[in-house]
Amino acid sequence: GNSVWLKREDHQRNFSFKVRGAYAKMLGLCDHEKKAGVIAVSQGNHAQGVGLAARHLGIMATVVMPETAPEIKQKAVRKLGAEVVLFGKSFGEAMAHGLALSKDRKQSFVHPFDDPLVVSGQGTVGKEMMDQWRESGHTKSPDIVFVPVGGGGLLAGVGTYVKHASPETKVIGVEPVGSECLAQALKMGRPVDVEVTDSFADGVAVPKIGNVPFSLIRKVVDPDVVTV
């Protein structure tokens, strides 16, 4: 008997919401930082978001991907004009290399989720949802908004906006069994490393929730995390 609405972020030009955070981060750089270029680390969706945003803003972008990243995703990033560097067998190894490159080259690092500007960019999903809800003629606020959780950037951004616009609406995080980093962080009261035992949903198979997202999630997201 419920009415269920879906926010179709798979209709983005790069088929993911990730371009929002990447664009917001790069838009916030000063002219000197934009000229120097940016570095990111990703297994796929964030990489394409960075590539698309960088091309639009005229910024040079380098994306470090683990050697295990699917070739189709590597080609998609290169097609957008970004340099692809393959390093390591895991996301963790690629991340360490990306951070080192950023420091050596003096280029800004575009984190996939653990950055205030990235979180704010992802939060535009929440603004659009609430605007579209009202424009459709609803006078009552939505009861619950469910948001998938990987590193927490989308949940933190959407939760912040939705709770500001409609404090009575519940915001619930949803994460897969086998990589429930938010549930464990809430249990321990801080971000903790979890063993990823199932990476089928690779876009949300993150071993540790970000510090920036978690600090916001504790304030604006309801504690009823759903694992599936």
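Our structure's up above, just so we're on the same page.
Predicted model only: the values in this text are computed from it and were never measured.

Before going further, it helps to examine the sheet that holds strand 1 (residues 38–41). The strands making up a sheet associate through hydrogen bonds between their backbones, and the pairing can be parallel or antiparallel. Taken in spatial order, the 4 strands line up as 3-2-1-4 in an open sheet, and their pairing is parallel. The sheet terminates laterally at strand 3 (83–86) and strand 4 (108–110), the two strands that pair on one side only. Averaged over all neighbouring strand pairs, the angle between strand axes comes to 25°, with direction disregarded. Strand direction decides the pairing type here: strand 2 (residues 61–65) and strand 3, joined by 4 bridges, are parallel. Paired with V64 across the bridge in strand 3 is V85. Each of strand 1, strand 2 and strand 4 is contacted by helix 3 (residues 45–57), which is oriented at about 175° to strand 2, the strand it contacts most. Taken strand by strand, helix 5 (residues 91–105) contacts strand 1, strand 2, strand 3 and strand 4, and its axis lies near 170° from that of strand 1.

Packing of helix 9 (residues 181–188) against helix 10 (residues 211–220) brings their axes to within 11 Å, and their N-to-C directions diverge by 70°. The pairing of helix 9 with helix 10 is recorded here as roughly perpendicular in orientation. In the packing of helix 9 onto helix 10, the handedness of the crossing is right-handed. Residue-level inspection shows L182, A185 and L186 of helix 9 in contact with helix 10, the latter providing F214, I217 and R218. Tallied by class, residues from the contact of helix 9 with helix 10 come to 5 nonpolar, no polar and 1 charged.

It is worth spelling out the nonpolar core at this point. The nonpolar side chains of a soluble globular protein tend to be buried with one another. With 23 residues, the main nonpolar core has V147, L155, V158, L182, I209 and I217 as its most contacted residues. A total of 5 residues in this core trace back to one element, the largest contributor, which is helix 8 (residues 153–165). Every residue in contact with I209, bar those within four places of it in the chain, is listed here: F113, V149, G151, G152, C181, L182, A185, P191, F214 and I217. V38, V63, M65 and A82 belong to the second-largest nonpolar core, a separate cluster that totals 18 residues.

Right, let's get into the pattern of salt bridges. If you walk through the whole model with that rule in mind, you get 13 salt bridges. E128 is paired through a salt bridge with K7; the nearest N and O atoms lie 2.9 Å apart. Note that E128 is positioned in helix 7 (residues 124–135) and K7 in the segment before helix 1 (18–27), a separation of 121 residues in sequence. Exposure remark for K7: the relative accessible area of 28% places this residue in the partly exposed category. Note that K163 is salt-bridged to D222, the shortest N-O span being 3.1 Å. Within this pair, whereas K163 is found in helix 8, its partner D222 is found in the loop between helix 10 and strand 7 (226–227), the two being separated by 59 residues in sequence.

About the criteria used
Residue numbers here run from 1 along each chain, matching the order of that chain's written sequence. Reporting in this predicted model follows two pLDDT cut-offs: at least 70 for local features of residues, and 80 or more for side-chain atom pairs to be given and counted; totals over whole chains, interfaces and linings ignore these cut-offs and use all residues. As a rule here, side-chain values cover all heavy atoms of the structure and leave hydrogens and water aside. Should DSSP find at least two bridges between two strands, the strands are regarded as paired. The helix count covers DSSP runs of H or I at least four residues long, the strand count covers runs of E at least two residues long, and both are numbered beginning at the N terminus. Axes, fitted as lines to C-alpha atoms, cover a helix only where it is in contact. Angles between the N-to-C directions of the axes lie from 0 to 180 degrees. Whether two residues are in contact is decided by their heavy atoms: any pair within 4.5 Å suffices. We call two directions roughly parallel when the angle between them is under 35 degrees, roughly antiparallel when it is over 145, roughly perpendicular when it lies between 65 and 115, and oblique otherwise. Left-handed describes a crossing whose near helix is turned anticlockwise from the far helix through less than a right angle; right-handed describes the clockwise counterpart. Basically, the charged four are Asp, Glu, Lys and Arg, the nonpolar ten are Ala, Val, Leu, Ile, Met, Phe, Trp, Tyr, Cys and Pro, and anything else, Gly included, counts as polar. Definition used in this section: a nonpolar core is a set of buried Ala, Val, Leu, Ile, Met, Phe, Trp, Tyr and Cys residues joined via side-chain atoms within 4.5 Å. Burial here depends on accessible area, computed with a 1.4 Å probe over protein chains only, as a share of the maximum for the residue type. Under 20% is buried, over 50% is exposed, and the range in between is partly exposed. One speaks of a salt bridge when a side-chain nitrogen belonging to Lys or Arg is within 4 Å of a carboxyl oxygen belonging to Asp or Glu.

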